[in-house]
Each structure stands twice: as C-alpha cells, then as structure tokens.
Amino acid sequence: MKPGAVRITARDVVWRIINIIVSALWIVAAAFHFVDGTFQSAMPGIFLLVIGLASIVFEFWRPRMVLENCYFMWNFMGRGM
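None of these values were measured; they are calculated from a predicted model.

When you look at the overall build of the protein chain in this model, what are you seeing that I'm missing?
Secondary structure assignment for the protein chain yields four helices and zero strands. Listing the helices and strands of the protein chain from first to last along the sequence gives α-α-α-α. A separation of at least 24 residues holds for 42% of the contacts in the protein chain among residues at least 6 apart in sequence. Of the accessible surface of the protein chain, which amounts to about 6600 Å², a share of 72% is contributed by carbon and sulfur atoms.

So, in structure tokens, the structure goes:
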C-alpha cells in the first residue's frame, strides 16, 4: 500500500453504492419537478438536480478542499441529520 493511501473496506463500498442509489433517486425526483413547466416547480428540481449530481461526483472524486471544509458530507450523521 502506498504511503498516505486509504484502505477501503467492504462496508465503505456498500455505503458508496447506497449513496449513489439515493443520489440517482434525487435526480429522478428532480426530473418530475420539471414536468409541470412552471418556475415555482422547476426551482426545487434544479436544487435536487445539483445536489444529486454533486453527491454522485463526490463519491468518486473527493477534492482536498471539500474534505477539509465540508467533512460532514462523508458521514451518516452529517448527511442524514
């Protein structure tokens, strides 16, 4: 193992898969907000879309700045509460 490398356990892989599934559901929910076609229904859809895409991106790529300043995004209590 390289120095500074992080060991990924089976539990971490399961949580990443669950996070990706939930993020995909956010994106599907965002698509339903655009069906109505009004600005008031599209705004929550835009927010859901951005958060869903960001969550999927952060499962594969974790920039140092986000890890240092937004650590709550990587634990259950931070995302869930």
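Past the structure itself, the notes keep going.
Whenever I open this one, a nonpolar patch on the surface confuses me. Can you help?
Taken together, the side chains of Val14, Trp15, Ile18, Val22, Trp26, Phe47 and Ile51 make up a nonpolar region of the molecular surface, amounting to roughly 630 Å² of accessible area. Within the residue set of the nonpolar patch, elements represented by two or more residues are α1 (10-33) and α2 (39-60). The leading source of residues in the nonpolar patch is α1, at five residues. Mapping isoleucine 18 onto the fold places it in helix α1.

Which parts of the structure should I look at to understand the side chain of serine 55?
Relative to the assigned elements, serine 55 resides in helix α2. Leave out the neighbours within four places in its chain, and serine 55 touches Ser23 and Trp26.

Help me understand the side chain of serine 23 in this model?
Position of serine 23 among the secondary structure elements: in helix α1. On the accessibility criterion, serine 23 (1% relative accessible area) is buried.

Basis of the calculations
- Residues numbered from 1 in each chain as written.
- Predicted model: local features only at pLDDT ≥ 70, side-chain atom pairs only at ≥ 80, totals over all residues.
- Heavy atoms only, no water.
- Helix = DSSP H or I, 4+ residues; strand = E, 2+ residues; numbered from the N terminus.
- Contact = heavy atoms within 4.5 Å.
- Areas by Shrake-Rupley, 256 points an atom, 1.4 Å probe, with all protein chains shown as cover.
- Patch = residues over 30% accessible without salt bridge, like charges linked within 9 Å, V, L, I, M, F, W, Y side chains within 5 Å.
- Salt bridge = Lys/Arg side-chain N within 4 Å of Asp/Glu carboxyl O.
- Buried < 20%, exposed > 50% of the residue type's maximum accessible area, 1.4 Å probe, protein only.

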